[in-house]
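# Residue-level structural notes
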Amino acid sequence: MLRSGNDAANAVATICSGSVEAFVEKMNEKAAQLGALDSHFVNPHGYHDEEHYTTARDLAVIARQGLPQAEFCRIVTCLSYELPPTSKREALPLYCTHELFNPESEYFIPYAAGIKSGYTSAAGFCYVGAAQTTQGTLIAVVLHAPTRNRAWMDLDKLFAYGYAALK
């Protein structure tokens, strides 16, 4: 997830369900069970396809299901990971480069708690994010931002709005 590897998403789908198609079928079934009724998935990684669509609400519904799970939270807040060496390469460090997690960045959000960014030319810059403070946990979704930094600014504004509404 740190590198947004489509190949890795396809590999996980195949390992978990026997094929990408079988995994996608389960994705659509689970989305419907969760109430994400305006989504239809055709691949496990989100790359553009006319038949692959969702809404901000549906992404928030899906994200909400992951947040109570410790392993999910550990993965979506991971800032670095080292892939162990193989017979073909040395250990490979991976890093999250999102400015919202960098205290030196003007886009830093100190209470940000994951979840996932994405980009395609059709969808623009997208982010499903969580924030955690003593006031509670919020989920915000930004879709079709023109730049990555604009997505971070919009996310920060959504969190500020949400926390103000909780007061």
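These remarks concern the structure in this document. Quantities reported herein were computed from a predicted structural model and do not represent experimental measurements. (Residues numbered from 1 in each chain as written. Predicted model: local features only at pLDDT ≥ 70, side-chain atom pairs only at ≥ 80, totals over all residues. Heavy atoms only, no water.)

## A closer look at the overall build of the chain
The following threshold applies: What counts as a helix is a DSSP run of H or I of at least four residues, what counts as a strand is a run of E of at least two, and both are numbered from the N terminus. Every radius of gyration here is taken over C-alpha atoms, with the globule rule written as 2.2 Å times N^0.38, N being the number of residues. Partly exposed residues are those whose accessible area sits between 20% and 50% of the maximum for their type, while under 20% is buried and over 50% is exposed, using a 1.4 Å probe and protein chains only. Calculation of accessible area relied on Shrake-Rupley with a 1.4 Å probe; when residues are assessed, cover is drawn exclusively from the protein chains displayed. Neither His nor the chain termini are counted; the positive set is Lys and Arg, and the negative set is Asp and Glu. By convention, the point assigned to a charge is CZ for Arg, NZ for Lys, CD for Glu and CG for Asp.
The helix and strand inventory of the chain stands at five helices and five strands. In sequence order, the chain lays out its α and β elements as α-α-α-α-β-β-β-β-β-α. The C-alpha atoms of the chain give a radius of gyration of 17 Å, which matches the 15 Å a tight globule of 167 residues would have. Projected onto the principal axes, the alpha-carbon positions of the chain cover approximately 50 × 40 × 30 Å. Counting every position in the chain, which comprises 167 residues, the buried fraction comes to 31%. When the accessible surface of the chain is totalled, it reaches about 10,500 Å², and 55% of it is carbon and sulfur. Across the chain, the mean location of the 13 positive side-chain charges is 5 Å away from that of the 17 negative side-chain charges.

## What about the side chain of Asn 28?
Counted only if it meets this: As used in this structure description, the phrase polar contact means that two N or O atoms lie within 3.5 Å; if the pair is within protein, one of them must be able to donate a hydrogen and the other to accept it, and residues adjacent in sequence are counted only when both atoms belong to side chains. Contacts are residue-level and defined by heavy atoms, with any inter-residue pair within 4.5 Å sufficient.
Note that Asn 28 resides in helix H2 (residues 20–34). Residue Asn 28 is classed as buried on the basis of its relative accessible area of 18%. A distance of 2.8 Å separates a polar atom in the side chain of Asn 28 from the backbone nitrogen of Phe 41. Those residues in contact with Asn 28 that lie beyond four places of it in its chain are Ser 39, His 40 and Phe 41.

## A word on the sheet that holds strand S5 (residues 136–145)
To keep things clear, this is the line we draw: Following DSSP output, two strands are said to pair if at least two bridges run between them. As a rule, the C-alpha atoms of each element are fitted with a line to give its axis, helices using only the stretch in contact, and angles between N-to-C directions run from 0 to 180 degrees.
Taken together, the three strands give an open sheet; going across it, the order is S3-S4-S5, and neighbouring strands pair in antiparallel fashion. The open sheet has two free edges, formed respectively by strand S3 (112–120) and S5, since each of these has just one partner strand. Shown here is a sheet whose adjacent strand axes are inclined to one another by a mean of 5°, direction ignored. One ladder, built from seven bridges, connects S3 with strand S4 (residues 124–133); its direction is antiparallel. Within the sheet, the bridge partner assigned to Gly 118 lies in S4 and is Cys 126. Running over the sheet, helix H3 (residues 56–66) touches S3, S4 and S5 and is turned about 145° from S5. With respect to the sheet, helix H5 (residues 148–166) is in contact with S3, S4 and S5, its orientation differing from that of S5 by roughly 145°.

## Some remarks on the layout of surface pockets
Definition in use: Think of a 1 Å grid over the protein atoms and nothing else: a 1.4 Å probe that fits but is trapped marks a cavity, an open set flanked by protein within 12 Å on at least five of seven lines marks a pocket, and residues with an atom within 4 Å of a point count as lining. Grid points are joined across faces, edges and corners, and a volume is the space filled by probe spheres set on the points. For this classification, the nonpolar set comprises Ala, Val, Leu, Ile, Met, Phe, Trp, Tyr, Cys and Pro, the charged set comprises Asp, Glu, Lys and Arg, and every other residue, Gly included, is treated as polar.
By volume, the second largest pocket amounts to about 500 Å³. Lining the second largest pocket we find 24 residues, and of these Met 1, Leu 2, Arg 3, Ile 75 and Cys 78 sit closest to its centre. Sorting the residues of the lining of the second largest pocket by element identifies helix H1 (6–17), helix H4 (70–76), strand S1 (80–83), strand S2 (92–95) and S3 as the ones contributing at least two each. By residue class, the composition of the lining of the second largest pocket is 14 nonpolar, five polar and five charged.

## Side note on unusual backbone geometry
In this structure, His 144 takes a positive phi of about 60° despite not being glycine. In this fold, His 144 is placed in strand S5.

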